[in-house]
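The lines below spell out each chain.
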Amino acid sequence: GNSVTQMEGPVTLSEEAFLTINCTYTATGYPSLFWYVQYPGEGLQLLLKATKADDKGSNKGFEATYRKETTSFHLEKGSVQVSDSAVYFCALSGRAAGNKLTFGGGTRVLVKP
Amino acid sequence: DAGITQSPRHKVTETGTPVTLRCHQTENHRYMYWYRQDPGHGLRLIHYSYGVKDTDKGEVSDGYSVSRSKTEDFLLTLESATSSQTSVYFCAISEGLGGEETQYFGPGTRLLVL
């Protein structure tokens, strides 16, 4: 079946540091890949997505590239802010009936001033 | 904002009591989903619906049932709540077609079973 593995946190950074959160997946066929973000006390928001190999998703300074050869979708941001403190979830949709999402366990990121 | 509301937003109940959570959407989406969020597990799919009266099980469906009698409402019922069902429950809808489907989530319901 499908699965998503992402690095465990928490990840603690200083403001303006570079952030990378690793995400790898196992899926049959050609899944779509997503990053969702959950700010404290809130629901999940779509951060970015990619639907085919070599696509790059980007939003709010975050980027992730769909790498089929390494089955990865790592999230990066060049200069984090305190407001980026949140939990980040990598997910895939296997495009099977129902377009169900499979999530990684989430990575908590804490950015200190 | 995909026009999704959930009610109640918080609930405390006792073991053995029935509980129903409601998800309401305003944009006529065909697909709706219920997930639970637990530390270390991300979100896991409980049930989903692909139309009125059309539902199917997800990864963690034991102890839960769902109903969808109207396009806009998707109900999740815990027939007899247990402490292991203490969790945060999220509803989602799916937008898009042809490989561009994307799920958007409601604000969540925090459930505590004592």
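Structural notes, computed from the coordinates.

Considering the nonpolar core
W35, F73, L75 and Y88 of chain A are the most contacted members of the largest nonpolar core, which has 26 residues in total. Counting only elements with at least two residues in this core, the list comes to β2 (11–14), β3 (19–21), β4 (23–26), β5 (32–38), β6 (44–50), β8 (62–65), β10 (86–93) and β12 (107–112) of chain A. In terms of residue count, β10 of chain A provides more of this core than any other element does, four residues in total. Among residues more than four places away in sequence, those in contact with Y88 of chain A are Q6, I21, W35, Y36, V37, L47, F62, L75, G106, T107 and V109 of chain A. Listed in part, the 19 residues of the second largest apolar core include Y64, L78, Y89 and C91 of chain B.

Some details on the interface of chain B and chain A
In this complex, chain B contributes 20 residues to the contact, which on the side of chain A involves 20 residues. Of all residues in chain B, the largest losses of buried area upon contact with chain A belong to L43, E101 and F105 of chain B, amounting jointly to 25% of the total for that side. Where chain B meets chain A, there are zero salt bridges. Breaking the side of chain B that touches chain A down by element, the ones donating at least two residues are β4 (32–38), β5 (42–51) and β10 (102–105) of chain B.

Brief notes about the pattern of salt bridges
With the rule as written, the count across this model stands at seven salt bridges over all chains. The closest approach of N and O atoms between D84 of chain A and K77 of chain A, which form a salt bridge, is 2.8 Å. D84 of chain A sits in the buried class, given a relative accessible area of 5%. Between R36 of chain B and D38 of chain B there is a salt bridge whose closest N-O contact spans 2.8 Å. Across the pair, D38 of chain B and R36 of chain B agree in class, each one buried. Three or more residues are tied together by salt bridges with common partners; here these are R22, K70 and D73 of chain B.

The rules behind each value
- Residues numbered from 1 in each chain as written.
- Chains lettered and ligands numbered in written order.
- Predicted model: local features only at pLDDT ≥ 70, side-chain atom pairs only at ≥ 80, totals over all residues.
- Heavy atoms only, no water.
- Core = buried A, V, L, I, M, F, W, Y, C linked by side-chain atoms within 4.5 Å.
- Buried < 20%, exposed > 50% of the residue type's maximum accessible area, 1.4 Å probe, protein only.
- Helix = DSSP H or I, 4+ residues; strand = E, 2+ residues; numbered from the N terminus.
- Contact = heavy atoms within 4.5 Å.
- Buried area = accessible area lost by both parts, 1.4 Å probe.
- Salt bridge = Lys/Arg side-chain N within 4 Å of Asp/Glu carboxyl O.

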